[in-house]
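A closer look at the structure
Chain by chain, the residues run as shown.
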Amino acid sequence: MSRFTLDICVRCQQFTLCFITASILYTAVVRGKVALPCDISSPSTDDSAALILWYKDDSAQPIYTLDSRRGNVDQAHQSSGPQLENRAYFNMINRPAFLQLDPVKEEDAGEYRCRVDFHKARTVNTVITLKVIVPPREPLIVDENGQQLKGLVGPFNEGQSLTLTCSVTGGKPRPSLTWWRDYTLLDDNYTFCSDEIVENRIFIPELEREDFRVVLTCQASNNNITIPASTTVTLKLNLKPSSVEITSSQRPMSANREVKLTCVARGSRPPATLTWWKGSEKVDTSNGSVVTEGETTTSTFTFLPTVEDNGKYLACRAENTKIPGSGIEDSFNMEVRYSPKVSLRVTSNSKNGLQEGDDATFGCDIKANPWVYKIKWYFNGVELFGNSSLGVLISSQSMVVQNVKRRFRGLFSCSATNSEGLGTSDEIFLKVKYSPVCQPGQKLNYGAIHLETIQVQCKLDSDPNDITFYWRFNSSTKVTDNIPHSVSGNKYESTASYTIETDEDYGTLLCWGENKIGIQKDPCIFKVMHAEPPDPVENCSVFNRTTQQILIKCLEGFDGGLDQTFLVEVYKKESRALHSKVSSPVPVFPLNNLTPGSFYTLLVYAVNRRGRSSAVTLTTSTIRLAEKLTGEKAGMFVSSSILAVFIGATVALILLVLILIVVVKIRKKRILKVQQENDPANKPEASLKKTVSDVTEGPDIIPAKNMSMDIYLACYDNDPDQKFFQFHATPSSTRSYSTDGELLDITPSSSKGTIYMPEMSYRSPIHKSDIRSGNLTSPYASLCFFRLFT
């Protein structure tokens, strides 16, 4: 930058006008900004600039004007010519003031003159020469085929020659063009192809391994103000793997036991592709990982050898897929020791599928090395043992189930063990076809009145389900098969419409079915009786008494053959006013919002369409709110009260137990006498029941659970052919259980006894049963818990 000052005096008639001119050289870059200075400070304190004018080149018209002749210079009016558009701003805050151009255009180059007229002092002119530099465009790199390159380029194979040409257009002044390798100058021999194009070409006769990912930069520069324009390319090379090795393996291997295998390949760029081969079969290594560090690629995966792998070779192959024929491999022959490989097959002597009564033969096929020393059989996951009484015959690798029952529908499997471990076969579901049987849990008693039509539902189970239903009415005076009925869409249900016209229409409805396997052996029995009001509830007890809540539980009585609802009316004992009325489908009543410390009279009864039962009266009370006591005496009083209540409750419980034992013994004697006078053979439906002697089958897999004196375990066998209830208890004396006419005597012993009885409505003359569902691990049965009440 240079500067000079010139004093000029012009005489014009009667006055002399003098100018002070300054010249400055400034450089700017296109699309940048520049500040052109202009000193507007006055030589004297009582003077200021009145008019500031900017001129460009030889223009007679100012390109920028600031006029303060009629006011303060800080409040002067500013305006710019059209060539500056909105790119100019005169800053008077800085000293010296300056005219800022932003952004700078190429046509802004030239000579600028800032003229400052003062109110008193003579005019000052500042001349500035602005030089505008136009940077070159971004260089362009092409290969031998004229294809443009930028960034990561290639891949090029090791030993291949490479020619790269870099060219750039534009720039004022014309730029220099150089090649750089990383930060080292590689070539600065460039040529000017025309006024607009500069070119530089490099030739690499042979690419080496060190050229992998080398960065080559072509740089164009025509000033030291802006960053040079540049384009870079990164060379990508393909290199063959130099070695491959399986570095770890367990030899010999055990079948079905995972082995971690590792293979390392070196020298390949890009990283070698590692594949594992078992013979000519490619191994799936999706459960593994591949790690690359420089020229080393490591593949690790978990291999699960099988029996069939014994003697095969396992290979790791490394290959650069970009270079054909570059693959190399390492391999070894596998030695596999294996635990038993087990499969199960089943055959039967029936050509139409396994049916009840057929024999099923199971074969356990085993491959093992060394040979097995133990074979087991399983049914539904539970070990199965030979039992000739059940028809289960086991002999080493075969098992025969004779006279198959429906209870054997389930999953069978076998296992074998040798020194290598345990082998288990797949489970095979044994499907046993059978003729129809009654589904459990159906409503068996129906109440009706004269000229009423009732809908009786009969639900059967069979395989296959192509059931043909039959109905029959049977009583001591009437037998008829003319019973209108319909079958539901699922083919397992039939609903009979039965009308009571005379007293002879009360009796027993029989329902049975037939499918391709055969006709149902025992029909479903439904009793049609006179509809009556329900019996009263029994054994009502009070539970969970609090200050505002009481829970009432009762046992339901006979429903009269109709659906019944249970109600409780709550009366305040003192005022006899009705407090609330609660209904429930079961005789369990939670009573809420009661008054603390109050006595209540409860009337519990059942209702059906024929009327209501007599009411059972209970008297109870809520607990009083705790009194507020203070001091040590109060604490002693509360503790003494709690202790007294506990002792009293204990004594009352002992007395209650003694009374119950005496009552039970007295009632037992009465019942035995009544049962001996009854002849069960006179019952018309007795032939439809099974005796205890019929209950001889059932897989002996899991022993019965022991239960306490007051909790009985009821075990229902899912085989309708062998229905029974099984009770486990410790009888203290001989007990008799009446089940719809059949009498079963149980002799006590020192060990826990087992009571069997056919499945039907169980109404003990001594006890009433409250059935609760439970679970049993046996695959043939389900559980119910019976709570006994006196």
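An unreviewed UniProt entry annotates the protein chain as Synaptogenesis protein syg-2-like of Limulus polyphemus. Under the UniProt heading Subcellular location (unreviewed entry), the entry covering the protein chain gives this text: "Membrane".

1. Considering the overall build of the protein chain
Counting secondary structure elements, the protein chain contains one helix and 62 strands. Classification of the 790 residues of the protein chain by burial places 41% in the buried group. In the structure as shown, the protein chain presents an accessible area of about 43,800 Å², 50% of it carried by carbon and sulfur atoms.

2. Observations regarding the sheet that holds strand β17 (residues 191-192)
Pairing within the open sheet is antiparallel, and its five strands lie in the order β12-β11-β14-β18-β17. Taken across any chain shown, the strands that pair with only one partner, and hence form the sheet edges, are β12 (148-149) and β17. Pairing of β17 with strand β18 (residues 197-204), which is carried by two bridges, proceeds in the antiparallel orientation. Bridging from a neighbouring strand, phenylalanine 192 pairs with valine 198 of β18.

3. With respect to the nonpolar core
Within the largest apolar cluster, 31 residues are counted, with the highest numbers of intra-cluster contacts made by Ile52, Trp54 and Phe90. Considering every element that reaches this core, the biggest residue donor is strand β9 (residues 110-118), with four residues. Filtering out sequence-adjacent residues up to four positions away, isoleucine 52 remains in contact with Ile40, Tyr64, Thr65, Leu66, Phe90, Cys114, Arg115 and Val116.

4. A look at the state of the cysteines
Under the definition given, this model contains seven disulfides. Two residues share a disulfide in this structure: cysteine 166 and cysteine 218, whose sulfurs sit 1.7 Å from each other. Between cysteine 166 and cysteine 218, the S-S torsion sits near -85°, and that sign places the bridge as left-handed. With cysteine 166 in strand β14 (residues 162-169) and cysteine 218 in strand β19 (residues 215-221), this residue pair connects regions lying 52 residues apart in the sequence. With relative accessibility at 0%, the residue cysteine 166 sits in the buried group. Taking relative accessible area as the criterion, cysteine 218 reaches 0% and is therefore assigned buried. Two residues, cysteine 364 and cysteine 414, share a disulfide whose sulfurs are 2.1 Å apart.

5. Some words on the pattern of salt bridges
Counted according to the given criterion, the structure contains 23 salt bridges. Put simply, arginine 87 and aspartate 108 hold a salt bridge, and the shortest N to O gap is 2.8 Å. With arginine 87 in the loop between β6 (77-80) and β7 (88-91) and aspartate 108 in the loop between β8 (97-101) and β9, this pair connects stretches of sequence that are 21 residues apart. Across the pair, aspartate 108 and arginine 87 agree in class, each one buried. In this structure, aspartate 365 engages arginine 345 in a salt bridge whose closest nitrogen and oxygen atoms are separated by 3.0 Å. In this pair, aspartate 365 is assigned in strand β31 (residues 360-369) and arginine 345 in strand β30 (residues 336-348), connecting sequence segments 20 residues apart. By relative accessible area, arginine 345 is classed as partly exposed at 46%. Residues joined in a network through salt bridges with shared partners are Glu158, Arg209, Arg269 and Glu295.

6. Some details on a nonpolar patch on the surface
There is a patch of nonpolar side chains on the surface, built from Phe646, Ile647, Val651, Leu653, Ile654, Leu655, Leu656, Val657, Leu658, Leu660 and Ile661 and spanning about 1,000 Å² of accessible area. Positionally, isoleucine 654 belongs in helix α1 (residues 631-677).

7. Let's talk about the side chain of serine 598
As for its placement among the helices and strands, serine 598 is situated in the loop between β52 (588-591) and β53 (599-608). Taking the relative accessible area as the measure of exposure, serine 598 reaches 18% and is therefore buried. Apart from residues no more than four positions distant in its own chain, serine 598 is found in contact with Thr620, Ser621 and Thr622.

8. Describing the packing of aromatic side chains
Any pair of aromatic rings gets described here by the distance separating the centres and the angle formed by the planes. Applying the stated criterion across every chain, the model contains twelve aromatic pairs. Here tyrosine 470 and tryptophan 512 contribute two aromatic rings whose centre-to-centre distance is 5.9 Å and whose plane-to-plane angle is 20°, an arrangement assigned as stacked. Remark: tryptophan 512 occurs in strand β46 (residues 507-514) and tyrosine 470 occurs in strand β42 (residues 468-474); sequence separation between them is 42 residues. Here tryptophan 512 falls in the buried class, since its relative accessible area comes to 15%.

Cut-offs and rules
- Residues numbered from 1 in each chain as written.
- Predicted model: local features only at pLDDT ≥ 70, side-chain atom pairs only at ≥ 80, totals over all residues.
- Heavy atoms only, no water.
- UniProt positions renumbered as here; feature names shortened; annotations may be inferred.
- Helix = DSSP H or I, 4+ residues; strand = E, 2+ residues; numbered from the N terminus.
- Buried < 20%, exposed > 50% of the residue type's maximum accessible area, 1.4 Å probe, protein only.
- Areas by Shrake-Rupley, 256 points an atom, 1.4 Å probe, with all protein chains shown as cover.
- Pairing = 2+ DSSP bridges.
- Core = buried A, V, L, I, M, F, W, Y, C linked by side-chain atoms within 4.5 Å.
- Contact = heavy atoms within 4.5 Å.
- Disulfide = S-S within 2.5 Å.
- Salt bridge = Lys/Arg side-chain N within 4 Å of Asp/Glu carboxyl O.
- Patch = residues over 30% accessible without salt bridge, like charges linked within 9 Å, V, L, I, M, F, W, Y side chains within 5 Å.
- Phe/Tyr/Trp six-rings, centres within 6.5 Å; stacked < 30°, edge-to-face > 60°.

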